[in-house]
Amino acid sequence: MKPTPALNRSLWVFHLNTGSCNGCEIEIVAAITPRYDPERFGIKLVGSPRHADVLMVTGPVPKKMKERVLRVYAQTPDPKVVICCGTCGESGGVYYDSYNLDGPIDDVIPVDVYISGCPPRPEAILHGVVKAIEKLERLERGAA
Amino acid sequence: MSDTKKDSTYTVPIGPIHPALKEPVMFTFQINGEVVESVDFSPGQTHRGIEWMGMRRNPAQIVHLTDRICGICGVTHSICFARAVEQIMDIQVPERGDYIRTIVAELERIQSHLLWAGVAAHELGFDSLFHLAWRVREESMDVIELITGNRVNYGIVQVGGVRRDIVEEQFPRIQQCLTYYRDLADKLLHLFLHDRTIMMRCRDTGVLSYEDALHLCVVGPTARASGVRKDVRVDYPYCAYGDLSIDPVLPDQLLDEIRGDVYDRIVVRVLEVVQSVDIIQQCLDNMPPGEITWEQKIAKLLLAFKKAKGEAVGRHEAPRGEALHYVKMTGRESPYAWKVKASSYSNLISWPVMLKGEQIADIPIIVASIDPCLSCTDRVAIVRDGERSILSKEELHRLSVEKTRRLQHG
């Protein structure tokens, strides 16, 4: 990972599970544990969307969760980047023909970075967060 | 305080999105001071309609869908489903296939229990232990990746056997993993069981008595921690478990008495990691040679599905307890009926009993102590509830208008 100006501050991630199979969840948590250790870059999971720079969204958004996803998105302060983690959030994946989905995620909220895989490896997730840093940087430059 | 007790009860909603919860579920706590008086919970946020989708696919496709019922106990559901279909079709899985299934299932148990141990430590605020548990878990993830090709959602089970063999070159690596965990067992037991903080927080917290455990039909480590001697691997042997020597793990293997509290659940799970290492060792030592699957060619398998008629139940002892799949085939390619009963479904019901009378601060560890897996559980049972909530808005209005019109014209 090349040092970018964006690393002059810590990136906080809020993980939003919209009804995923837990596969992405455990890989996201695996990605923050010692083997991968992104905390050395200041990247960490936070407990509230109000503290977050990045929304990491997993799962195919079942109907019951749609409103919550919109609320969490609204609660996240701007500028923000939304990462869609996992194939089912991207396209529905194996759940493509389900009757109970309002997804994929980009039908509900705008997505900036997609991480493919079912589930993506922790390395891929970290790569996605790095992409998000670059995007956030551009957003901040644009906003300034 | 006591005379205003009745008025001082207040409601605390937690969820579906809450930092204490790893998955979406909605809790409503009635709280009096610091004490929980009653609990209600409403799952269903992760309902994806998997069974419905399954009835439109053929069993060779469904085994990969079953992986995605739950990312943590993926092979559990695949084994359950495959075993149900195999019983309908009278397929004898080759012995080597059964042994490989057993090895993967036990590796899954190791990673799942270590994952849980980490989460439990995190809920107690003991984050260094959380990081330690997840670091040692990576060893089992590496071996799972070596055997199946993926860290999560292995896709190794196919109806009739498994899709990948364990070759000779892989044995030393698996052996190395087993040695690693064997050396680590004492350290894990010491860290989790002799730590004063864990002892203080978990002893006599979230008690589920033997009677309640029987009454509520809880399964897996939750039941065994309350002293219920119940383990599908022993009671109803399948795969290679019939050939192996295993005993249900009860907390009195290590402690003098069984109290059925959170601490006992930690004891059971840590001991089960040790047991799983032993089971994999037995499998490696007695691995029979031969085929790994009943039929390699998917086209022939699909043809066989079209002839399958009958119904069967596939069971497996998941890391969280007994999982059960019911399948009915009626001579079409896709099943006529498919019902999934995940292990957490039986265990969730014990929350209200465990949480009653406990303090707010103990909620996270008690909720986590049964190792809930909601993506497993949110099956068809919840659909009606989901529809009702839709009905309550536009739909209800439309129905109401229609009824008015009907009455006017009638």
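Cut-offs and rules
- Residues numbered from 1 in each chain as written.
- Chains lettered and ligands numbered in written order.
- Predicted model: local features only at pLDDT ≥ 70, side-chain atom pairs only at ≥ 80, totals over all residues.
- Heavy atoms only, no water.
- Helix = DSSP H or I, 4+ residues; strand = E, 2+ residues; numbered from the N terminus.
- Buried < 20%, exposed > 50% of the residue type's maximum accessible area, 1.4 Å probe, protein only.
- Contact = heavy atoms within 4.5 Å.
- pLDDT = per-residue confidence, 0-100.
- Buried area = accessible area lost by both parts, 1.4 Å probe.
- Salt bridge = Lys/Arg side-chain N within 4 Å of Asp/Glu carboxyl O.
- Polar contact = N/O pair within 3.5 Å; in protein donor to acceptor, adjacent residues only side chain to side chain.
- Nonpolar A, V, L, I, M, F, W, Y, C, P; charged D, E, K, R; others polar.
- Axes fitted to C-alpha atoms, helices over the stretch in contact; angles between N-to-C directions.
- Parallel < 35°, antiparallel > 145°, perpendicular 65-115°, else oblique.
- Left-handed = near helix turned anticlockwise from the far one by under 90°.
- Pairing = 2+ DSSP bridges.

Chemist: Tell me what's going on with the overall build of chain A, and back it up with residues and numbers.
Modeler: The helix and strand inventory of chain A stands at four helices and five strands. Ordered by position from the N terminus, the helices and strands of chain A form the series β-α-β-β-α-β-α-β-α. Buried residues in chain A amount to 55% of all 144 residues. Expressed as a percentage of contacts within chain A between residues at least 6 apart in sequence, the contacts between residues at least 24 apart total 83%.

Chemist: How would you sum up the environment of A:Ile32? Please name residues and give values.
Modeler: By the secondary structure assignment, A:Ile32 is in the loop between helix 1 (23-31) and strand 2 (44-45). The buried category is assigned to A:Ile32, whose relative accessible area is 19%. Once the C-alpha coordinates of A:Ile32 and A:Lys44 are considered, the two residues, twelve residues apart in sequence, prove to be 7.2 Å apart. Setting aside residues no more than four positions away along its own chain, A:Ile32 makes contact with A:Pro38, A:Leu45 and B:His131.

Chemist: Any details on the environment of B:His194? Residues and values, ideally.
Modeler: Residues and elements named next belong to chain B. With respect to the helices and strands, His-194 occurs in the loop between helix 6 (171-193) and helix 7 (196-202). Of the residues examined, His-194 reaches a relative accessible area of 57% and is grouped as exposed. In this view, His-194 contacts Leu-189 and Tyr-263; residues no more than four positions away in its chain are not counted.

Chemist: Can you explain the confidence of the model for chain A? Please cite residues and give values.
Modeler: Scored by pLDDT, chain A has a mean of 85; 92% of the residues are at 70 or more. Element-level mean pLDDT values for chain A span from 83 in helix 4 (residues 122-143) of chain A up to 92 in strand 5 (residues 113-115) of chain A.

Chemist: Could you give me a rundown of the interface of chain A and chain B, with the residues and numbers involved?
Modeler: Counting residues at the interface gives 40 residues for chain A and 45 residues for chain B. The largest contributions to the chain A side of the interface with chain B come from A:Ile26, A:Lys64 and A:Tyr99, which together make up 19% of the buried area. Put simply, chain A and chain B have five salt bridges between them. Seen at the junction of chain A and chain B, the total is 13 residue pairs in polar contact (both at pLDDT 80 or more). For the side of chain A that touches chain B, the elements supplying multiple residues, two or more each, are strand 1 (12-17), helix 1 and helix 2 (66-75) of chain A. For the side of chain A that touches chain B, the per-class residue count stands at 21 nonpolar, ten polar and nine charged.

Chemist: So what's going on with the packing of helix 5 (residues 127-148) of chain B against helix 6 of chain B? Residues and values would help.
Modeler: Residues and elements named next belong to chain B. Here helix 5 crosses helix 6 at 160°, and the two axes come no closer than 11 Å. As the angle between them shows, helix 5 and helix 6 are arranged roughly antiparallel. Judged by the sense of rotation from one axis to the other, the crossing of helix 5 with helix 6 is left-handed. When helix 5 is examined against helix 6, the residues Leu-129, Leu-132, Val-136, Arg-137, Glu-139, Ser-140, Asp-142, Val-143, Leu-146 and Ile-147 are found in contact with a partner set consisting of Arg-173, Ile-174, Gln-176, Cys-177, Tyr-180, Tyr-181, Leu-184, Lys-187, Leu-191 and Phe-192. Residues belonging to the contact of helix 5 with helix 6 are distributed by class as follows: 13 nonpolar, two polar and five charged.

Chemist: Any chance you could break down the pairing of strand 7 (residues 321-330) of chain B for me, citing the residues and the numbers?
Modeler: Residues and elements named next belong to chain B. Alignment of strand 6 (residues 309-318) against strand 7, held across ten bridges, turns out to be antiparallel. Following the sheet pairing, Ala-312 is matched in strand 7 by Val-327. Connecting strand 6 to the next strand, strand 7, in antiparallel fashion are two residues. Pairing geometry for strand 7 and strand 8 (residues 337-341), over five bridges, is antiparallel.

Chemist: How would you sum up the sheet that holds strand 3 (residues 35-42) of chain B? Please name residues and give values.
Modeler: Residues and elements named next belong to chain B. Spatially, 1-2-3 is the arrangement adopted by the three strands of the open sheet, whose pairing is antiparallel. Looking at which strands have only one partner, the edges of the open sheet turn out to be strand 1 (9-14) and strand 3. Within this sheet the neighbouring strands show an average axis-to-axis angle of 20°, counted without direction. The sheet contact formed by strand 1 and strand 2 (residues 26-32) spans six bridges and is antiparallel. Each bridged residue has a counterpart across the sheet, and for Tyr-10 the counterpart in strand 2 is Ile-31.

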